[in-house]
Amino acid sequence: GLLKGFVRRHTGALVTSGTLTAYGTGYYAQFIQIASDGSYRIGGLPAGTVNVTVSVSHAQGSALTSATTVQIVAGQTTTLDLAPPADIVSRSRFQ
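Thresholds, definitions, all that
Residues numbered from 1 in each chain as written. Predicted model: local features only at pLDDT ≥ 70, side-chain atom pairs only at ≥ 80, totals over all residues. Heavy atoms only, no water. Core = buried A, V, L, I, M, F, W, Y, C linked by side-chain atoms within 4.5 Å. Buried < 20%, exposed > 50% of the residue type's maximum accessible area, 1.4 Å probe, protein only. Helix = DSSP H or I, 4+ residues; strand = E, 2+ residues; numbered from the N terminus. Contact = heavy atoms within 4.5 Å. pLDDT = per-residue confidence, 0-100.

**With respect to the nonpolar core**
Next up, step 1: By size, the foremost hydrophobic cluster in this structure holds 18 residues, and its most contacted members are Leu3, Val7, Leu20, Tyr40, Val52 and Leu82.
Next up, step 2: For this core, the secondary structure elements donating two or more residues are strand S2 (19-24), strand S4 (39-42), strand S5 (48-58) and strand S6 (61-72).
Next up, step 3: Looking at this core, the element that brings in the most residues is S5, giving four residues.
Next up, step 4: Aside from chain neighbours lying at most four places away, what touches Tyr40 is Leu3, Lys4, Gly5, Phe6, Val7, Leu20, Ile32, Leu80 and Leu82.

**Things to note about the confidence of the model for the protein chain**
Next up, step 1: Chain-level pLDDT for the protein chain is 83 on average; 88% of the residues reach the 70-or-more range.
Next up, step 2: The least confident element of the protein chain, judged by mean pLDDT, is helix H1 (residues 91-94) at 38; the most confident is strand S7 (residues 77-79) at 95.
Next up, step 3: For residues 88-95, every residue scores under 50 in pLDDT, and the model assigns this stretch 17 contacts once sequence neighbours within four places are set aside.

**Thoughts on the environment of Arg9**
Next up, step 1: Position of Arg9 among the secondary structure elements: in the loop between strand S1 (2-6) and S2.
Next up, step 2: The spatial distance from the C-alpha of Arg9 to the C-alpha of Leu82 is 8.5 Å, given a sequence separation of 73 residues.
Next up, step 3: Not counting residues up to four positions away in its chain, the partners in contact with Arg9 are Val15, Val56, Ser57 and Pro84.

Set out below in structure tokens:
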């Protein structure tokens, strides 16, 4: 399957740099860069639950990092837009 979407800051502004990681049971992580237009695409994902982690630089220090899960269907495109909050990231706020 294909996973795609946009990464935005808590303000709604598109994130122009950062990384995304996708991994699941039985396969290694795929690391990709967030594109300059805030988009990302990860292809070749197997069907099932995929763990997605996003890491976005923060002007005041450590990167903002958060994780969520998404269900991938074989042969289909899944859209997941991500918006990590500005402060300490919690999973419940990220989804």
